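Secondary and tertiary structure notes
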Amino acid sequence: MAEERRQKHCSVVLPTESMKAMAESVGVGQLQEDSCVALSEEVSYRIKEIAQDALKFMHHGKRRKLTTSDIDNALKLKNVEPLYGFQSQEFIPFRFASGGGRELHFYEEKEVDLSDIINTPLPRVPLDVSLKATKEQQKVESTEPLKVVKPGQEEEGTIQGKGQGTTTPDGKGKEKGLIRLKPRSTHELSVEQQLYYKEITEACVGSCEAKRAEALQSIATDPGLYQMLPRFSTFISEGVRVNVVQNNLALLIYLMRMVKALMDNPTLYLEKYLHELIPAVVTCIVSKQLCLRPDVDNHWALRDFAARLMAQSCKTFSTTTNNIQSRITKTFTKSWLDDKTQWTTRYGCIAGLAELGPDVIKTLIIPRLAIEGARIKAVMEGPVISNIDKIGAEHVQSLLLKHCASVIAKLRSPPDNVEQYRTEYGYLGPMLCSHVMKARTQAALQAQQVNRTTLTITQPRPTLSVSQSGLSGSSGPRTPSIIKVPSSLTLMSPRPGTPSQPSPPATKYIVMATSAGAASTQQVITLSSSQSASPVTSTVPSATSTLQPLVKLEPGSGPGLTASRPLQKYIVVSLPSSASSSLETKSSVLPTSISSSSLDGGMKLERSESPGASTQSPH
Amino acid sequence: DTSLAKQKTDIKTEPSTDGFGNNNANDGRVLSASPGSGSSTGSNKQTAAVTPEDQQTLLAVLQFLKKNKLIESVEILRREAGLPENSLDPKATESAGAGSGGAAAVAEDQPDVRVVLSAYSQQGDPTLYEVYYSDLKKFIETVLDCHRAELSQVFYPLFVHMYLELVYNNHESEAKAFFEKFSGDQECYYEEDLRVLSGLTKKEHMRGNETLLDFRTSKFVLRISRDSYQLLKRHLQERQNNQIWNIIQEHLYIDIFDGMPRSKSQIDAMSGSLAGEAKREANKTKVYYGLLKEPEIELPLDDEDEEAENEEGKPKKKKPKKDSMGSKSKKQDPNAPSQNRIPLPELKDSDKLDKIMYMKEATKRIRLGSDNLPSVCFYTFLNAYQGLTAVDFTDDSSLIAGGFADSTVRVWSVTPKKLRKVKSAADLNLIDKESDDVLERIMDEKTASESKIMYGHSGPVYGISFSPDRNYLLSSSEDGTVRLWSLLTFTCLVAYKGHNYPVWDTQFSPYGYYFVSGGHDRVARLWATDHYQPLRIFSGHLADITCTRFHPNSNYVATGSSDRTIRVWDVLSGNCVRIFTGHKGPIHSLAFSPNGKFLASGATDGRVLLWDIGHGLMMGELKGHTDTIYSLRFSRDGEILASGSMDNTVRLWDVMKAFDDLETDDFTAATGHIHLQDNSQELLLGTYTTKSTPVIHLHFTRRNLLLAAGAFNP
């Protein structure tokens with residue numbers, strides 16, 4: 001205590017240099033050292049005296065901050081003319097300058113053009129003093145109206161209770177804090193809306209896939225859901241939070257599909273809820289563990305799907321003010337660059353970045369291919385540490401190959417030299433090389449096919465799928481969505497039609513597929529109910545064509561029944577012969593995956609769009 | 001020797017007491033005791049055969065004698081000193097005439113009797129000061145424990161005087177060394193003063209410093225038991241330590257009492273003021289703290305019934321009223337002053353109506369207690385830009401007034417009734433003066449608004465007070481004036497000039513008509529609204545008067561000061577009747593209990609002290625606030641004390657318990673040596689925190705709802 005005080009009391013005296021500088025400023029050139037000392041002591045004392053009086057004014061002004069007006073008033077007490085022009089509220093307008101071995105503080109006096117002042121628009125008039133009464137009642141009556149507790153707002157009631165929590169133990173009902181909390185305003189939902197909300201959320205996470213499909217359909221299309229949007233958003237974010245902890249992969253997938261559906265709905269504006277949705281989506285992309293058995297479960301698909309959602313929301317919502325894309329990119333890059341990041345998260349980060357487009361791949365992923373390759377090599381060829389790591393590395397590898405190949409194909413010009421690739425991309429080089437080559441050929445193919453493969457359907461679509469799908473009792477129109485694959489697949493299975501249905505007029509399907517080469521192959525399929533003959537498929541192969549378009553046509557149960565079958569679905573797969581093998585594998589994969597877990601349908605569909613197989617399913 | 005010194009000080013205080021007996025006539029002379037306004041003495045160019053210094057002394061003494069009308073002594077002294085006849089007379093009389101008009105110019109070298117008195121006559125060897133002091137220190141550290149605390153009190157005044165003596169005699173470096181060495185030993189509550197001292201290193205500095213001048217002229221008062229005093233005296237005489245002995249003789253007043261030496265905590269409770277404790281005899285005067293008899297008011301019949309039903313709910317005002325109604329000759333409170341001790345204004349019809357309203361409201365009053373706390377309503381001033389400096393409520397809580405740093409005074413109506421001005425003179429002529437609602441008709445409906453602004457001051461408004469009848473408003477400002485505003489026309493009626501320095505506080509008497517003001521010039525003034533000059537000047541504080549309060553019976557005024565003392569003054573005689581010491585910082589708020597018995601005070605140290613006015617005793621200490629307490633208020637029944645502070649809290653204290661718990665016996669009553677319990681936490685009933693609004697005013701409505709006010713400070 002004594003030590004402290006001594007510190008405070010050490011009498012500070014202005015340096016004599018200051019005296020000299022001040023003397024010069026008023027025109028006294030040569031000031032003797034003795035005079036300086038005497039002056040500085042005197043001045044220091046007077047300044048302290050003034051500061052002391054100024055404190056008095058501060059106290060009486062009921063303030064904690066000493067202001068320049070306090071100093072002015074203190075000077076007035078001493079019968080000294082106050083310093084004019086120091087009215088600044090924020091700071092004292094001294095400027096500092098040093099030079100010639102001296103340090104000076106000066107007050108900058110600018111020349112002010114009067115016309116400038118006259119011409120500048122007047123500042124806003126400061127608000128006038130006003131009175132506001134806040135009341136603290138001793139007896140807190142429970143006048144709060146009873147409210148329907150909505151999901152995500154269960155905490156509402158506890159805010160009021162907190163005031164009571166801090167009361168003294170004797171329970172006299174003293175509340176600390178004079179300012180009462182205003183209850184948050186809530187949008188009330190009508191009973192119907194509450195019912196709808198309940199149904200939809202239950203269906204979305206329930207076990208019945210059919211109901212879910214319907215519910216998602218509803219979310220994606222129904223107008224007028226905006227009132228429930230905050231609830232949905234909270235539902236999703238809370239759901240992800242809980243299910244990530246419990247490693248419930250299925251539920252996470254359901255929730256992501258909800259996000260997708262919400263984003264698909266053109267009547268909803270998600271901007272206000274991105275703060276809840278984006279963390280949920282990103283969690284599903286990069287979480288270390290999303291399922292109970294990482295070695296078996298296909299959580300990679302979820303990561304891919306969520307990454308695509310993320311990319312889509314970046315595209316839709318990123319603005320210069322919220323900077324979603326750059327923030328997300330930064331987040332992904334940061335955790336990817338971390339050496340300790342696990343393979344699962346690594347995969348998620350790369351997927352997330354890759355989905356953001358070729359530019360991102362070019363600038364962020366390709367430069368790191370060599371490093372990443374070395375890491376993969378260490379796992380693949382090194383001593384087996386854990387199976388999970390190995391699986392992770394494999395997935396990362398295929399992901400990198402998949403995404404980088406097409407970009408590199410555009411970046412580099414052929415020929416592709418394996419050795420060159422190896423030197424440039426390291427371990428992944430050779431594989432990349434082959435992928436790039438594949439991509440090139442395919443790109444060439446696609447370039448020719450583009451816009452040529454047209455499908456003209458002259459038949460009303462809806463009835464077609466309804467009667468044929470048999471998947472569910474769902475009614476109503478169904479736009480192509482995540483469930484389109486299962487439904488279209490079922491169409492392929494031969495199934496007896498309903499004879500009672502009226503015969504549609506003759507339909508003509510024209511499937512045009514162009515194989516390599518200039519000549520085109522036209523297939524004209526004519527379907528007529530009046531004819532008992534089997535559908536005529538007339539293929540006009542081009543003479544120069546080496547690649548035969550592969551047309552699969554499922555004509556139903558039998559030619560005899562065609563007439564009674566009102567609707568028909570055709571799947572036309574046109575592939576170069578060289579790639580036919582890949583089609584085979586693809587088509588073998590698809591049905592099984594659907595049968596194994598139909599809930600993954602959404603993602604499966606997305607995967608089926610991967611390059612290498614083009615499946616068109618006309619409805 | 002002591003007696004002589006004592007006599008000197010007695011003389012010294014005389015002018016103030018003298019000045020009040022015959023108020024206006026003597027004002028001018030009294031004024032000369034206030035800073036910056038001493039009457040000039042004219043030429044100092046005498047050619048007498050005395051040294052200039054002696055001559056100054058002579059002149060000062062002559063002037064002092066003259067001031068006190070000791071004409072013969074003046075003559076004798078002048079003849080003996082061989083001073084010319086006219087050396088003093090012409091200008092002195094002149095200034096006496098001019099003095100009543102205002103302040104006379106201050107001559108730099110004018111001899112003032114105080115300066116002479118405060119001179120340090122002796123000049124010891126400056127190098128020995130440290131030795132003397134440490135010798136005494138060693139001695140006190142080795143005495144018996146029971147005496148040590150008492151004798152330690154000597155340290156601070158000795159330290160200050162020795163330091164000043166060194167400075168006075170131009171031993172600058174020794175003074176610095178002395179300060180460095182021993183300033184750390186002093187009690188922490190003297191820190192502020194030590195900071196001032198540390199800056200003072202030259203004799204010239206002492207000249208302009210009024211506070212120091214007061215410190216030197218008035219004696220530092222110590223209370224020491226006889227045994228301890230003997231011990232000290234013997235030691236100093238043995239050691240031939242004349243330097244210290246002289247200081248004790250000349251500059252200290254040791255109040256010796258018989259009995260047990262006091263403990264450290266007892267001493268700490270009472271010390272802390274600029275000039276030591278109060279002398280015992282200073283608090284011996286009888287104070288009539290009882291309430292005045294309420295005037296007899298004929299209540300309408302239906303109201304009377306109501307009254308009878310609610311006998312329980314009307315504790316305070318009921319009794320005197322019943323007295324007046326039941327037996328008119330019944331004796332009043334023995335402690336109350338006689339009804340006409342101070343002439344009070346006659347009750348007007350409107351006052352009677354208000355009294356009736358008051359009684360009606362009082363029947364609906366909630367009885368507060370530790371288990372029944374008041375509701376608090378906070379009035380927040382928004383957009384005040386740190387400029388709200390004073391707030392007041394009317395007694396019926398219908399209006400709020402705010403004083404602002406931008407010199408404005410604003411009044412708000414907090415009831416649906418809007419504020420209206422009286423019509424212009426021309427319009428008033430058109431009014432039918434015989435009509436029943438003439439009072440309503442004179443108001444101009446077009447001017448109705450929720451708030452009114454009044455311009456007139458030229459500096460921050462630090463004090464504000466409504467008159468009890470709500471027709472007037474007082475405001476005191478940095479510009480040295482107190483202004484009286486009409487709340488009918490919302491214009492300024494009078495500017496009372498007298499304080500030439502900032503006026504920190506002002507308050508109307510509870511009966512109206514009189515008001516008190518106090519400010520930087522260290523005097524409090526009592527005014528009547530129809531006199532432009534003060535009726536009384538209360539002088540004696542050693543530093544700024546920071547707050548002023550009227551006693552509920554209007555016969556006394558309490559003032560709090562930056563010298564960390566509270567003084568209670570008798571309005572009739574102008575004498576100081578109580579001095580309360582114990583605060584360790586400038587006092588910023590005072591409150592009398594409704595029964596007039598107790599006084600509460602709050603200071604920058606964040607402590608509230610409770611005082612018994614009748615006995616002049618400290619009754620309790622309420623610790624809890626962490627910053628300056630700007631507002632104190634007793635509930636209408638006096639059960640609860642509310643305190644509002646800069647630390648953004650309102651706290652409620654169970655003062656009944658504090659008064660009941662204190663054990664007082666004859667000894668403590670006689671000596672004033674109270675042993676305080678540290679029970680603040682038990683007494684604290686509630687703490688109410690604002691977000692960021694310092695509480696600068698508190699008010700209990702007639703029904704005991706607590707109103708608080710402050711400016712939001714983002």
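What counts as what
Within each chain, residues carry numbers counting from 1 in the order of the written sequence. Here the convention is simple: chains get letters from A, ligands get numbers from 1, in the order in which they are written. The predicted origin of the model limits local features to residues at a pLDDT of at least 70 and limits the giving and counting of side-chain atom pairs to 80 or more, whereas totals for whole chains, interfaces and linings rest on all residues. Side-chain measures were taken over the full set of non-hydrogen atoms in the model, leaving aside hydrogen atoms and water. Only DSSP runs of H or I reaching four residues or more are called helices, and only runs of E reaching two or more are called strands; each is numbered from the N terminus. Contacts are assigned to residue pairs that have any heavy atoms within 4.5 Å of one another. A 1.4 Å probe and the Shrake-Rupley method give the accessible areas. Residues count as covered only by the protein chains that appear here. Buried means the residue's accessible area, taken with a 1.4 Å probe over protein chains only, is under 20% of the maximum for its type, while exposed means over 50%, and partly exposed covers the values in between. By the convention used here, strands pair only if DSSP detects at least 2 bridges between them. One side-chain nitrogen of Lys or Arg within 4 Å of one carboxyl oxygen of Asp or Glu is enough to make a salt bridge. In protein, a polar contact requires one atom able to donate a hydrogen and another able to accept it; more generally it is a pair of N or O atoms within 3.5 Å, and residues adjacent in sequence count only if both atoms are side-chain atoms. Each pair of aromatic rings taken from Phe, Tyr and Trp, with Trp reduced to its six-membered ring, is defined by centres within 6.5 Å and is described as stacked if the planes are under 30 degrees apart, edge-to-face if over 60, and tilted in the remaining cases. Distance and angle both matter: a charge sits over a ring if NZ of Lys or CZ of Arg is within 6 Å of the ring centre and within 35 degrees of the ring normal. Here the quantity called buried area is the total loss of accessible area, with a 1.4 Å probe, experienced by two parts when brought into contact, counted for both. Each residue gets one of three labels, nonpolar for Ala, Val, Leu, Ile, Met, Phe, Trp, Tyr, Cys and Pro, charged for Asp, Glu, Lys and Arg, and polar for the others, Gly among them. What counts as an axis is a line fitted to C-alpha atoms, over the stretch in contact for a helix, and the angles between N-to-C directions run from 0 to 180 degrees. UniProt positions are given in the numbering used here, feature names are shortened, and annotations may be inferred rather than shown by experiment. For our purposes a nonpolar core is just a set of buried Ala, Val, Leu, Ile, Met, Phe, Trp, Tyr and Cys residues, chained together by side-chain atoms within 4.5 Å. Along the chain, pLDDT gives the predictor's confidence residue by residue, from 0 to 100. For classification purposes, angles smaller than 35 degrees are called roughly parallel, those larger than 145 roughly antiparallel, those between 65 and 115 roughly perpendicular, and all remaining angles oblique. The sense of a crossing depends on the near helix, which, turned anticlockwise from the far helix by less than a right angle, makes the crossing left-handed and, turned clockwise, makes it right-handed. A patch is a set of surface residues, each over 30% in relative accessible area and not in a salt bridge, joined within 9 Å for like charges and within 5 Å for the nonpolar side chains Val, Leu, Ile, Met, Phe, Trp and Tyr.

Things to note about the overall build of chain A
When its secondary structure is counted, chain A shows 23 helices and 7 strands. Considering only residue pairs separated by 6 or more positions, chain A has 62% of its internal contacts joining residues 24 or more positions apart. For chain A, the exposed area adds up to about 34800 Å²; of that, 58% sits on carbon and sulfur atoms.

Here we look at the overall build of chain B
Counting secondary structure elements, chain B contains 24 helices and 31 strands. Buried residues in chain B amount to 57% of all 714 residues. Sequence separation of at least 24 residues holds for 62% of the intrachain contacts in chain B that already meet a minimum separation of 6. Of the accessible surface of chain B, which amounts to about 29400 Å², a share of 50% is contributed by carbon and sulfur atoms.

Some details on the pairing of strand S26 (residues 629–634) of chain B
Put simply, side chains in a regular strand alternate between the two faces of the sheet. Residues and elements named next belong to chain B. Counting buried residues along S26, 5 of its 6 residues qualify, which places the element largely inside the surrounding structure. Inspection of the sheet shows S26 paired to strand S27 (residues 640–645) by 5 bridges, in the antiparallel sense. When the bridges of S27 are listed, Phe 634 appears paired with Leu 641. The loop that links S26 with its antiparallel partner S27 comprises 5 residues; one of these, Gly 638, has a positive phi angle of about 75°.

Some thoughts on the pattern of salt bridges
All names here are of chain B. In total, this model carries 49 salt bridges over all chains according to the counting rule given. Of the charged contacts, one joins Arg 470 and Asp 396 as a salt bridge, the two residues approaching to 3.2 Å between their closest N and O atoms. With a gap of 74 residues between them, Arg 470 in the loop between strand S10 (461–466) and strand S11 (472–477) and Asp 396 in the loop between strand S4 (388–393) and strand S5 (399–404) connect regions that are remote in the sequence. According to the relative accessible area criterion, Asp 396 is partly exposed, its value standing at 25%.

Re the side chain of Ser 561 of chain B
Residues and elements named next belong to chain B. One can find Ser 561 in strand S19 (residues 556–561). For Ser 561, a relative accessible area of 0% puts it in the buried group. Within the structure, Ser 561 has its side chain in polar contact with the backbone oxygen of Ala 543 (distance 3.2 Å). Setting aside its immediate chain neighbours within four residues, Ser 561 contacts His 541, Ala 543, Asp 544, Ile 545, Thr 546, Pro 586 and Ile 587.

Some details on the packing of aromatic side chains
Considering all chains together, one arrives at 30 aromatic pairs over all chains under this definition. Judged by centre distance (6.0 Å) and plane angle (65°), the rings of Phe 508 of chain B and Phe 515 of chain B are edge-to-face. Connected via pairs of aromatic rings, a cluster forms that spans Tyr 133, Phe 155, Phe 159, Tyr 163, Phe 178, Phe 179 and Phe 182 of chain B. When the ring centre of Trp 343 of chain A is taken as reference, the NZ or CZ atom of Arg 346 of chain A above it lies at 5.6 Å. Between the NZ or CZ atom of Arg 368 of chain A and the centre of the ring of Trp 336 of chain A, over which it lies, the distance is 4.9 Å.

Here's the deal with the interface of chain A and chain B
Counting from both sides, the interface comprises 46 residues of chain A and, opposite them, 69 residues of chain B. Both faces combined, the contact of chain A with chain B buries some 5300 Å², and carbon together with sulfur accounts for 54% of it. For the interface between chain A and chain B, the tally reads 5 salt bridges. A salt bridge links Asp 627 of chain B to Arg 64 of chain A; the nearest nitrogen and oxygen atoms lie 3.2 Å apart. Elements supplying a minimum of two residues to the side of chain A that touches chain B: helix H1 (2–9), helix H3 (33–60), helix H4 (68–77) and strand S3 (130–136) of chain A. A per-element tally of the side of chain A that touches chain B places H3 of chain A first, with 11 residues. Of the residues in the side of chain A that touches chain B, the class split is 12 nonpolar, 12 polar and 22 charged.

Regarding the sheet that holds S4 of chain B
Residues and elements named next belong to chain B. Overall, antiparallel pairing links the 4 strands, which are arranged S4-S5-S6-S9 in an open sheet. Two strands bound the open sheet, and with one partner strand each, they are S4 and strand S9 (451–454). If you compare each strand with its neighbour and ignore which way they point, the axes differ by 20° on average. In this sheet, S9 lies alongside strand S6 (residues 409–413) in antiparallel orientation, the contact comprising 4 bridges. Bridged to Val 409 within S9 is Met 454.

Overview of the UniProt feature "repeat: WD" (unreviewed entry) in chain B
Residue and element names in this part refer to chain B. Using the residue numbers shown here, the UniProt feature "repeat: WD" (unreviewed entry) corresponds to residues 381–422, 454–487, 496–527, 538–579, 580–613 and 622–655. Segment residues 454–487 splits into 0% helix and 56% strand. End C-alpha atoms: 10 Å apart. Each end of residues 622–655 is marked by a C-alpha atom, and these two atoms are 9 Å apart; helix forms 3% of the span and strand 59%.

Points about the nonpolar core
One recurring pattern in soluble globular proteins is that nonpolar side chains are buried together. Core analysis: the biggest nonpolar cluster contains 88 residues, and Met 256 and Met 310 of chain A have the highest contact counts within it. Tallying contributions element by element places helix H17 (residues 387–411) of chain A first for this core, with 11 residues. Those residues in contact with Met 310 of chain A, other than ones at most four positions away along the chain, are Ile 278, Val 281, Val 282, Ile 285, Ile 324, Ile 328 and Phe 332 of chain A. Residues Tyr 129, Leu 166, Leu 194 and Leu 232 of chain B belong to the second largest nonpolar core, which totals 44 residues.

A closer look at the confidence of the model for chain A
Residues and elements named next belong to chain A. Within chain A, residue pLDDT values average 67, and 60% of them lie at 70 or more. A low-confidence stretch, residues 139–182 stays under pLDDT 50, and its non-local contacts, those more than four residues away or across chains, total 51 contacts. Considering only residues more than four positions removed or in separate chains, one finds that residues 452–619, a stretch of pLDDT under 50, has 218 contacts.

A few points about the confidence of the model for chain B
All names here are of chain B. A residue-level look at chain B finds 79% of positions with pLDDT of 70 or above and a mean pLDDT of 79. When the criterion is pLDDT under 50, residues 1–50 qualifies, and its contacts beyond four places in sequence or with other chains add up to 83 contacts. Note that pLDDT drops below 50 for residues 89–111; the model gives that stretch 36 contacts with residues more than four away or on any other chain. For this predicted complex, the interface confidence comes out at an ipTM of 0.79, alongside a pTM of 0.58.

Let's talk about the sheet that holds strand S17 (residues 536–539) of chain B
Residues and elements named next belong to chain B. Spatial strand order, S14-S15-S16-S17: 4 strands in an open sheet with antiparallel pairing. Among the strands making up the open sheet, the edge pair consists of strand S14 (503–508) and S17. Between one strand and the next, the sheet's axes are offset by a mean angle of 20°, whatever the strand orientation. Across 5 bridges, the pairing between strand S15 (residues 514–519) and strand S16 (residues 523–528) is antiparallel. Counterpart to Ser 517 in the pairing with S16 is Arg 525.

Looking at the packing of helix H7 (residues 129–142) of chain B against helix H14 (residues 226–238) of chain B
All names here are of chain B. At a minimum axis separation of 11 Å, H7 and H14 run at an interaxial angle of 140°. Classed by the angle they form, the pair H7 and H14 counts as oblique. The two elements H7 and H14 meet at a crossing, and its hand is right-handed. Contacts between H7 and H14 pair Asp 135, Leu 136 and Phe 139 from the former with Leu 231, Leu 232, His 235 and Leu 236 from the latter. A per-class count over the contact of H7 with H14 returns 5 nonpolar, 1 polar and 1 charged.

A few points about unusual backbone geometry
Residue and element names in this part refer to chain B. Non-glycine residue Asn 383 carries a positive phi angle of around 60°. In the Ramachandran plot, Arg 522 falls in the positive-phi region, its phi being about 70° despite a non-glycine side chain. For Arg 522, the position within the fold is in the loop between S15 and S16.

Regarding the environment of Leu 302 of chain A
In this fold, Leu 302 of chain A is placed in helix H12 (residues 299–317). Each C-alpha atom of the pair Leu 302 of chain A and Ala 250 of chain A lies 9.4 Å from the other, and the pair is 52 residues apart in sequence.

Some remarks on the side chain of Asn 265 of chain A
Residue and element names in this part refer to chain A. Tracing the chain through its elements places Asn 265 in the loop between helix H10 (249–264) and helix H11 (274–286). According to the relative accessible area criterion, Asn 265 is buried, its value standing at 2%. In terms of polar contacts, Asn 265 uses its side chain to reach the backbone carbonyl oxygen of Asp 222, at 2.7 Å. Those residues within four positions of Asn 265 in sequence are excluded, and the remaining contacts are Ile 219, Ala 220, Thr 221, Asp 222 and Leu 225.

So, a nonpolar patch on the surface
Residues and elements named next belong to chain A. There is a patch of nonpolar side chains on the surface, built from Val 112, Leu 114, Ile 117 and Ile 118 and spanning about 440 Å² of accessible area. Tracing the sequence through the fold places Val 112 in the loop between strand S2 (102–107) and helix H5 (114–119). Judged by its relative accessible area of 55%, Val 112 is exposed.

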